[in-house]
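Residues per chain are reported as follows:
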Amino acid sequence: MKKLRYGIISASSIVPRFVSALNETKHSLVHAIGSSTLKRSEKLAKKLDIPNAYGSYEEVYTDPEVDVVYIANINDQHFEQIMKALSHKKHVLCEKPMVLTREHAQQAFAFAKEQGVFLMEAQKAAFLPTTNFVKEAIESKKYGELKQIQISASYANRFPDDHWMYQKHQGGALFGSGSYIIETLLVLLDNPSYEYQAMTHLGQSGEIDDVSIQFNFNKDLLVSTHLSTRVHTENVANFYFEQASISINDFWKSRKLRVDYHDNEDHDVMKFPNIPEMVYEINHVYDCIHEGLTESPIMSPEITMNTASLVEEIYKTTV
Ligand SMILES: NC(=O)c1ccc[n+]([C@@H]2O[C@H](COP(=O)([O-])OP(=O)(O)OC[C@H]3O[C@@H](n4cnc5c(N)ncnc54)[C@H](OP(=O)(O)O)[C@@H]3O)[C@@H](O)[C@H]2O)c1
């Protein structure tokens, strides 16, 4: 199969990381970038060596050389761009959170199927070797049964006050990072049933700047999560098994993890290749498209839809 050519939507700050990951692969490349402002797309195209820069998103969708559209604009504009890209029969990889409601997720996946093209939420955490290591440990029970999980993540004081990340309907801790935690858990536990309780704190713009979600998965596994844009906390995921615990700092992009054994003072540190963390999701997109799939068996529509539902419900009941 010839290399997959990506067209990028928006000149956003995540784009350099995505392009550096694309450049690491042998099967995919960046072909074009479109921005609402031609000057911005030209500037980024020059910096990242992208052959075509457009002053609109439409030009990316109508470029016959573009196979896959990577949507990386702000969260409340994803849905509109997904539908436009799909209407031009482009495959789509859309940044997290892919959409803000379950209904939009359902519509987008149904339309992708109808158009016969691939659609996936860009959830890099789902494809990391560290995530796979934990999943394998859960399934093989090599450290015994998994008995508890604790996760916390934060990014405080990162943006100016008028930044879209503080808009309550699309920013804050829940919309900003909720999908990392929720989708990592759903992928690890094979989209389990759950009950949950959430508590939130609102910031100056009414955005959820602190959220604690307690889950009971499959009526058998208690999971405690905490997300914040209010204050710096530890960024760590801890998985407690009967005989050992696995700890991953920066679990959504980590290249290493630590295993501590309960019956002695020993520990192991596992290190994985030092390559851009988005390479793994891009490899998966290539494999799926190569196989003619319209959806990912790992970052499945159900996982995106269930996450969107949960985030929507927490937002509506607390803001
Ligand atoms: N996977 C990851 O590791 C990761 C990390 C960070 C962010 N993200 C996701 O990536 C997406 C982009 O985030 P980002 O932080 O990179 O975005 P950003 O730098 O703020 O850029 C967002 C882009 O959206 C467009 N835009 C439209 N209305 C805007 C507004 N009111 N304010 C600012 N920009 C506006 C602009 O595109 P034009 O160039 O067309 O004008 C802008 O370049 C989000 O969905 C975010 O959740 C993912």
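Just so you know, these numbers come straight off a predicted model, no measurement behind them.

Basis of the calculations
Residues numbered from 1 in each chain as written. Predicted model: local features only at pLDDT ≥ 70, side-chain atom pairs only at ≥ 80, totals over all residues. Heavy atoms only, no water. Helix = DSSP H or I, 4+ residues; strand = E, 2+ residues; numbered from the N terminus. Rg over C-alpha atoms; globule rule 2.2 N^0.38 Å. Buried < 20%, exposed > 50% of the residue type's maximum accessible area, 1.4 Å probe, protein only. Contact = heavy atoms within 4.5 Å. Areas by Shrake-Rupley, 256 points an atom, 1.4 Å probe, with all protein chains shown as cover. Lys, Arg positive; Asp, Glu negative; His and termini not counted. Charge placed at Lys NZ, Arg CZ, Asp CG, Glu CD. Domains from an automatic or database assignment. Buried area = accessible area lost by both parts, 1.4 Å probe. Salt bridge = Lys/Arg side-chain N within 4 Å of Asp/Glu carboxyl O. Polar contact = N/O pair within 3.5 Å; in protein donor to acceptor, adjacent residues only side chain to side chain. Core = buried A, V, L, I, M, F, W, Y, C linked by side-chain atoms within 4.5 Å. Near = heavy atom within 4 Å. Nonpolar A, V, L, I, M, F, W, Y, C, P; charged D, E, K, R; others polar. Pairing = 2+ DSSP bridges. Axes fitted to C-alpha atoms, helices over the stretch in contact; angles between N-to-C directions. Phe/Tyr/Trp six-rings, centres within 6.5 Å; stacked < 30°, edge-to-face > 60°. Lys NZ or Arg CZ within 6 Å of the ring centre and 35° of its normal.

Focus: the overall build of the protein
Phase 1: Broken down by element type, the protein carries nine helices and 14 strands.
Phase 2: A compact globule built from 319 residues would reach a C-alpha radius of gyration of about 20 Å, and the protein, at 20 Å, matches this within 12%.
Phase 3: Taken along the three principal axes of its C-alpha coordinates, the protein extends 60 × 45 × 35 Å.
Phase 4: Within the protein, buried positions represent 55% of all 319 residues.
Phase 5: A fraction of 63% describes how many contacts in the protein between residues 6 or more apart in sequence connect residues 24 or more apart.
Phase 6: Here the protein displays about 14,400 Å² of accessible surface, and carbon together with sulfur accounts for 48% of that area.
Phase 7: On the protein, the mean spot of the 31 positive side-chain charges and the mean spot of the 42 negative ones are 5 Å from each other.

Let's talk about the domain arrangement of the protein
Phase 1: Split into domains, the protein comes out as domain 1 (4-123 + 278-298) and domain 2 (129-275).
Phase 2: Spacing between the C-alpha centres of domain 1 and domain 2 amounts to 26 Å.
Phase 3: In this complex, domain 1 contributes twelve residues to the contact, which on the side of domain 2 involves twelve residues.
Phase 4: In this assembly, domain 1 packs against domain 2 so that about 1,200 Å² is buried in total across both faces, 55% of it on carbon and sulfur atoms.
Phase 5: Broken down residue by residue, the surface that domain 1 buries against domain 2 is led by Lys-96, Gln-123 and Tyr-280, which jointly contribute 39%.
Phase 6: If you look at where domain 1 meets domain 2, you find zero salt bridges.
Phase 7: At the boundary of domain 1 and domain 2, one finds six residue pairs in polar contact (both at pLDDT 80 or more).

Points about the nonpolar core
Grouped burial of nonpolar side chains is what soluble globular proteins tend to show.
Phase 1: By size, the foremost hydrophobic cluster in this structure holds 79 residues, and its most contacted members are Tyr-6, Phe-18, Tyr-70, Phe-239, Ile-246 and Phe-251.
Phase 2: Top contributing element to this core by residue count: helix H7 (residues 172-188), with ten residues.
Phase 3: Looking at which domains feed residues into this core, each of domain 1 (4-123 + 278-298) and domain 2 (129-275) supplies at least three.
Phase 4: Those residues in contact with Phe-18 that sit more than four places away from it in its chain are Tyr-6, Ile-8, Tyr-70, Leu-93, Met-278 and Ile-282.
Phase 5: Counting residues in hydrophobic clusters, the runner-up holds 25 residues, among them Ala-32, Val-60, Cys-94 and Phe-109.

Remarks on the site of the ligand
Phase 1: Lining the immediate environment of the ligand, one finds 24 residues, of which Ser-36, Arg-40, Tyr-57, Asn-75 and Lys-124 sit closest.
Phase 2: Glu-95 places a polar side-chain atom, nitrogen or oxygen, 3.0 Å from a nitrogen atom of the ligand.
Phase 3: Interatomic distance of 2.7 Å between a side-chain N/O atom of Trp-164 and an oxygen atom of the ligand.
Phase 4: The class makeup of the residues in the shell around the ligand is nine nonpolar, ten polar and five charged.
Phase 5: Viewed by domain, the shell around the ligand spans two of them, domain 1 (4-123 + 278-298) and domain 2 (129-275), each represented by three or more residues.

Observations regarding the sheet that holds strand E4 (residues 68-71)
Phase 1: Read from one edge of the open sheet, six strands run E3-E2-E1-E4-E5-E6, paired in parallel fashion. Single-partner strands in this sheet number two, and they are strand E3 (52-54) and strand E6 (119-122). Taken over all neighbouring pairs, the strand axes of this sheet differ in orientation by 25 degrees on average, direction set aside.
Phase 2: Bridging between E4 and strand E5 (residues 91-95) involves four bridges; their strand directions are parallel. Looking across to E5, one finds that Val-68 is bridged to His-91.
Phase 3: On top of the sheet, helix H2 (residues 38-48) reaches strand E2 (28-34) and E3; it is set at about 160 degrees to E3, its chief contact.

Section: the packing of aromatic side chains
Phase 1: Counted by the stated rule, this structure contains 13 aromatic pairs.
Phase 2: Aromatic pair Tyr-143 and Phe-241: ring centres 5.7 Å apart, planes at 70 degrees, arrangement edge-to-face. Separated by 98 residues along the polypeptide, Tyr-143 in the loop between helix H6 (129-140) and strand E7 (146-154) and Phe-241 in strand E11 (residues 236-241) bring together distant segments of the chain. We note that Tyr-143, like Phe-241, is buried.
Phase 3: Seen in terms of ring centroids, Tyr-194 and Phe-215 are 5.6 Å apart; in terms of plane orientation they differ by 90 degrees. Their pairing is edge-to-face. Linking Tyr-194 in strand E8 (residues 194-202) with Phe-215 in strand E9 (residues 208-217), this pair joins segments that are 21 residues apart in sequence.
Phase 4: Judged by its relative accessible area of 26%, Tyr-194 is partly exposed.
Phase 5: According to the relative accessible area criterion, Phe-215 is buried, its value standing at 3%.
Phase 6: Three or more aromatic residues link up through ring pairs in this structure, and these residues are Tyr-194, Tyr-196, Phe-215 and Phe-217.
Phase 7: The ring of Phe-133 has Lys-142 lying over it, and the distance from NZ or CZ to the ring centre is 4.5 Å.

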